[in-house]
Amino acid sequence: MTTDQSEVGYTFDDINSIAKDVLQKTQHRPTIGIICGSGLGGLADKVDQPDVVHYHEIKEFPVATVQGHEGKLVFGKLEGKTVVLMRGRFHYYEGYPMWKVAMPVRVMKAMGISTLIVTNAAGGLNPEFNTGDLMILRDHIDLPGLTGECVLIGRNDERFGPRFPATVGTYDDQLIKQAKAIAQELGYGPVLREGVYIMIGGPTFETVAESRLLRNWGADAVGMSTVPEAVVAKHCGLKVFGISLITDMCSLSYDAVNATTHEEVLKIGQKRAGDLQKLVSCLIGKIQD
Ligand SMILES: O=P(O)(O)O[C@H]1O[C@H](CO)[C@@H](O)[C@H]1O
Ligand SMILES: Nc1nc2[nH]cnc2c(=O)[nH]1
């Protein structure tokens with residue numbers, strides 16, 4: 001393994017060897033990967049014939065340090081499809097380099113997935129949103145990337161993907177259409193949104209002035225994850241679907257300041273995770289392997 005940050009971190013061979021080691025711990029061969037956001041890991045409990053691999057059993061994996069992120073891979077069957085769920089993700093603010101935050105995406109690709117579903121808890125910036133809404137990601141703004149911390153910085157190995165990848169179309173149109181149709185069938189119309197997610201580095205929540213700035217830039221929701229994973233997934237040819245649970249509304253005015261806390265984020269997660277899980281499960285049922 002290289003420690004030189006100017007390179008990709010783990011080489012193509014490293015990633016394949018990690019994937020091979022992990023697959024030896026399970027009978028399943030997943031075609032769909034799911035990354036669970038803060039407090040949204042409950043989907044893993046719905047998996048049939050589960051095989052659980054703890055991150056600490058994979059020596060190259062980072063440790064999940066954030067409350068609401070348990071730190072395990074769950075393999076099994078969901079809606080008849082073979083899936084792997086990351087119950088716990090890695091965040092840049094935990095002190096990991098960006099490539100390490102998204103490294104599991106390459107491992108899942110090497111394990112055979114062709115679709116990645118990313119979920120997250122996010123703050124609402126669009127004043128028309130409400131706490132508890134579900135927002136399908138139409139697009140994202142990679143704020144760390146725009147300021148020099150793109151997840152793909154470093155020497156590029158073309159076996160992962162091209163040096164200068166397009167990020168237009170990161171979120172798959174067909175999956176978005178299917179998810180919207182499912183949401184209507186489930187009666188989620190009034191809480192379903194579609195919009196732009198912006199990633200900030202964290203761990204600080206936004207000031208009022210920052211929330212105003214992010215909103216003026218065209219973002220509908222803000223969080224501290226997802227974008228590096230989606231960028232790496234698109235780079236290596238995966239289809240991506242992203243969805244946010246709006247756990248709180250960002251303050252855009254000094255007259256109505258809401259000081260967001262992680263406890264609040266987890267509490268809304270607990271209350272609303274069921275609907276998000278139902279939508280994601282139904283979508284999985286529709287994905288062609
Ligand atoms: O993006 P996920 O992992 O859902 O977590 C979100 O919730 C945490 C803040 O409460 C931050 O980590 C933010 O990114
Ligand atoms: N305001 C805000 N709320 C969140 N909820 C989950 N993540 C976030 C975030 O980054 N900002």
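Just so it is clear, the structure is predicted and the values come from calculations on it, not from any experiment. Sequence positions are assigned chain by chain, starting from 1 and proceeding in written order. By the order in which they are written, chains take letters starting at A while ligands take numbers starting at 1. The predicted origin of the model limits local features to residues at a pLDDT of at least 70 and limits the giving and counting of side-chain atom pairs to 80 or more, whereas totals for whole chains, interfaces and linings rest on all residues.

Focus: the site of ligand 1
We apply this condition: Placing the C-beta atom from the backbone, one calls a residue near a molecule or strand if that atom lies within 6 Å of it. In DSSP terms, a helix is any run of H or I states spanning at least four residues, a strand is any run of E spanning at least two, and both are numbered starting from the N terminus. Each residue gets one label: Ala, Val, Leu, Ile, Met, Phe, Trp, Tyr, Cys and Pro are nonpolar, Asp, Glu, Lys and Arg are charged, and the others, such as Gly, are polar.
Neighbouring ligand 1 are 14 residues, the closest being Gly 37, Ser 38, Asn 120, Met 224 and Ser 225. Taken together, the elements giving at least two residues each to the shell around ligand 1 come down to β5 (115-124) and α7 (262-286). Of the residues contributing to the shell around ligand 1, the split by class is four nonpolar, nine polar and one charged.

Brief notes about the site of ligand 2
In the vicinity of ligand 2 lie 13 residues, with Ala 121, Gly 123, Gly 223, Thr 260 and Val 265 positioned nearest. For the shell around ligand 2, the elements supplying multiple residues, two or more each, are β5, β8 (221-223) and β9 (239-249). Looking at the shell around ligand 2 element by element, the count peaks at three residues for β5. In the shell around ligand 2, the residues fall into seven nonpolar, four polar and two charged.

Some details on the UniProt feature "domain: Nucleoside phosphorylase" (unreviewed entry) in the protein chain
For clarity, the cut-off: UniProt positions are given in the numbering used here, feature names are shortened, and annotations may be inferred rather than shown by experiment.
The positions that UniProt labels "domain: Nucleoside phosphorylase" (unreviewed entry) are, in the present scheme, residues 31-281. Structurally, residues 31-281 comprises 29% helix and 26% strand, and the distance from its first C-alpha atom to its last is 14 Å.

So, the packing of helix α1 (residues 12-23) against helix α2 (residues 98-111)
The line we're drawing: To define axes, lines are fitted to C-alpha atoms, for helices over the stretch in contact only, and angles between the resulting N-to-C directions are given on a 0 to 180 degree scale. Our angle categories are set so that under 35 degrees counts as roughly parallel, over 145 as roughly antiparallel, 65 to 115 as roughly perpendicular, and the remainder as oblique. Crossing handedness follows the turn of the near helix against the far one: under a right angle anticlockwise gives a left-handed crossing, and clockwise gives a right-handed one. Residues are treated as contacting if the C-beta atoms built from their backbones sit within 7 Å of each other.
Where α1 contacts α2, the axes come no closer than 8 Å and their chain directions differ by 65°. Looking at the two axes, α1 sits roughly perpendicular to α2. When you trace α1 past α2, the crossing you get is right-handed. On α2, the residues that touch Ile 15, Asn 16, Ile 18, Ala 19, Val 22 and Leu 23 of α1 are Arg 106, Val 107, Ala 110 and Met 111. Split by residue class, the contact of α1 with α2 holds eight nonpolar, one polar and one charged.

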